[in-house]
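The chain contents come next:
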Amino acid sequence: MDSKHIEALLEKYWNCETSLEEEQQLREYYRGEVPESMKEVAQVFQYFDSQQKQQVNSVDFDATVKKKIKQQQPDAKVVRLFQNYGRIAAGLLVVVAATYFVRQEVRKAYPPEIADTYSDPKLALEETKKALMMISKGFSKAQKEAGKIKVFNEAEVKIQGKTPDESEANDTKI
Amino acid sequence: MNLEAFENRVLPTKNKLFRFAFRLLGSSEEAKDVVQEVLIKVWNGREQMAEVQNMEAWCMRITKNLSLDRLRSRQRRATDPIEEGMQIRNETLTPHERTESHENMQRINEMIASLPEKQRQVIHLRDIEGYSYNEICEILELDMNQVKVNLFRARNTVREKFIKINAYGL
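The notes below deal with the structure included here. Source: prediction; values computed, not measured. (Residues numbered from 1 in each chain as written. Chains lettered and ligands numbered in written order. Predicted model: local features only at pLDDT ≥ 70, side-chain atom pairs only at ≥ 80, totals over all residues. Heavy atoms only, no water.)

1. A look at the packing of helix H2 (residues 14-25) of chain B against helix H8 (residues 117-128) of chain B
All names here are of chain B. Inclusion rule: Note on geometry: axes are C-alpha line fits, over the in-contact stretch for helices, and angles between N-to-C directions span 0 to 180 degrees. The numbering of helices and of strands both runs from the N terminus, where a helix is a DSSP run of H or I of at least 4 residues and a strand a run of E of at least 2. An angle below 35 degrees is treated as roughly parallel, one above 145 as roughly antiparallel, one from 65 to 115 as roughly perpendicular, and anything else as oblique. Throughout, a crossing is termed right-handed when the near helix is turned clockwise from the far one, and left-handed when it is turned anticlockwise from it by less than a right angle. In this analysis, two residues are considered to be in contact whenever any of their non-hydrogen atoms come within 4.5 Å of each other.
Packing of H2 against H8 leaves a shortest axis separation of 10 Å and a crossing angle of 150°. If you check the angle between H2 and H8, you find them roughly antiparallel. The interaxial crossing formed by H2 with H8 has right-handed handedness. Here Arg19, Phe20, Arg23 and Leu24 of H2 lie close against H8, whose contacting residues are Arg120, Gln121, His124, Leu125 and Ile128.

2. Here's the deal with the environment of Ile40 of chain B
Looking at the secondary structure, you find Ile40 of chain B in helix H3 (residues 28-44). With sequence-adjacent residues up to four places away left out, Ile40 of chain B is seen in contact with Lys68, Ile69 and Gln72 of chain A.

3. Description of the interface of chain B and chain A
Note the threshold: Here the quantity called buried area is the total loss of accessible area, with a 1.4 Å probe, experienced by two parts when brought into contact, counted for both. Salt bridges are defined as contacts in which a side-chain nitrogen from Lys or Arg sits within 4 Å of a carboxyl oxygen from Asp or Glu.
Contacts between the two partners involve 48 residues from chain B and, on the opposite side, 37 residues from chain A. Of all residues in chain B, the largest losses of buried area upon contact with chain A belong to Gln36, Ile128 and Arg155 of chain B, amounting jointly to 14% of the total for that side. Between the two partners, chain B and chain A, sit five salt bridges. Residues Glu23 of chain A and Arg155 of chain B are paired through a salt bridge, measuring 3.1 Å at the closest nitrogen-oxygen approach.

4. Let's talk about the side chain of Asp49 of chain A
All names here are of chain A. Cut-off, in case you're wondering: Nitrogen and oxygen atoms within 3.5 Å of one another constitute a polar contact, given that in protein one can donate a hydrogen and the other can accept it, and given that sequence-neighbouring residues count only through two side-chain atoms.
Inspection of the secondary structure puts Asp49 in helix H3 (residues 39-52). In this structure the side chain of Asp49 is engaged in a polar contact, spanning 2.5 Å, whose partner is the side chain of Arg31. When residues no more than four places from it in sequence are discounted, the contact partners of Asp49 are Arg27 and Arg31.

5. Examining the packing of aromatic side chains
The test is simple: Two rings belonging to Phe, Tyr or Trp (six-membered ring only in the last case) form a pair when the distance between their centres is within 6.5 Å. Interplanar angles under 30 degrees mark stacking, angles over 60 mark edge-to-face geometry, and anything in between is tilted. We call a residue buried when its accessible area falls under 20% of the maximum for its residue type, exposed when it is over 50%, and partly exposed in between, using a 1.4 Å probe and counting protein chains only. Distance and angle both matter: a charge sits over a ring if NZ of Lys or CZ of Arg is within 6 Å of the ring centre and within 35 degrees of the ring normal.
Here the structure, examined in full by the defined rule, presents nine aromatic pairs over all chains. Ring centres of Tyr13 of chain A and Phe45 of chain A lie 5.1 Å apart, and the angle between their planes is 50°; on these two criteria the pair is classed as tilted. Taken together, the residues Tyr13 of chain A in helix H1 (residues 3-14) and Phe45 of chain A in helix H3 connect sequence positions 32 residues apart. Side by side, Tyr13 of chain A and Phe45 of chain A carry an identical accessibility label, which is buried. Each member of the aromatic cluster is reached from another via a ring pair, and the members are Tyr13, Trp14, Tyr29, Tyr30, Phe45, Tyr47 and Phe48 of chain A. The residue whose ring lies beneath Arg46 of chain B is Trp43 of chain B, and the NZ or CZ to ring-centre distance is 3.9 Å. Here Lys148 of chain B stacks its cationic end above the ring of Tyr133 of chain B, 5.0 Å away from the centre of that ring.

Shape is all these values report; function is a separate question.
Set out below in structure tokens:
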């Protein structure tokens, strides 16, 4: 290789315009005998060359890595498995919760009274009567208690010395 | 990816990863630790790796990130700030070079160690490992312009500081 070509390549190299192939050419050139004026440049390329030969300075490096990898394997699997179960469980939970709330909404919208609770109409009538009786009993009791209020009213009228006509008018108002 | 594929495709990159980590960290022990960590990370993430096109560049990128993490935590631990790249100076040389006492080799080594971080990364990837510009962009997560500017500055420093001074006997 003529030195003119190399010099041109080198100039391109300093300007970062060389391709990888051209840089390889330079490297190869500077591996051999070079003129005195290019000794420094040669040393730079020789330095790059020497650095590329450096290796992991440990005999059992591969073995150590492989051992560590094998230790990692089961752990990673278990974790992933649990993650999957977790996902499934979360999904189920959402579905269950959703159905629960939807059911509640449906119950609110269609109260259960509408649904038949007795299959025998006679029995149903009996039960209804019983229920109505209970209510009427409650009413009559309440009426009795309400009668006492009338006594208070009359007393109030007497105290204020109002005419019975007026009190009667008040009564109707009450 | 099974273990066999891992051994054939990933494990052989260990020396390149080691050199890169070593260039960044300046300690062979720490570099070795980082490479181990990278390989285990790659193995654990092998499921996602089907999408990775350039496996080697990807491994280099992880190496860079883990090394920089270490550098940062080291800086946090250090009570007094260590001059950048100081530890790299003597250790990066192979025993062969040390015994041969190539004084100039050592000077180049020191010079590259004292370059700013990005320039050091780029010149290592290009001039020592011979990566293409595209690969360097991918590894360092930089755009083409930044890569070229950093490489230009790094090469220029070497040229100015080493070659010109030596050539004119200053």
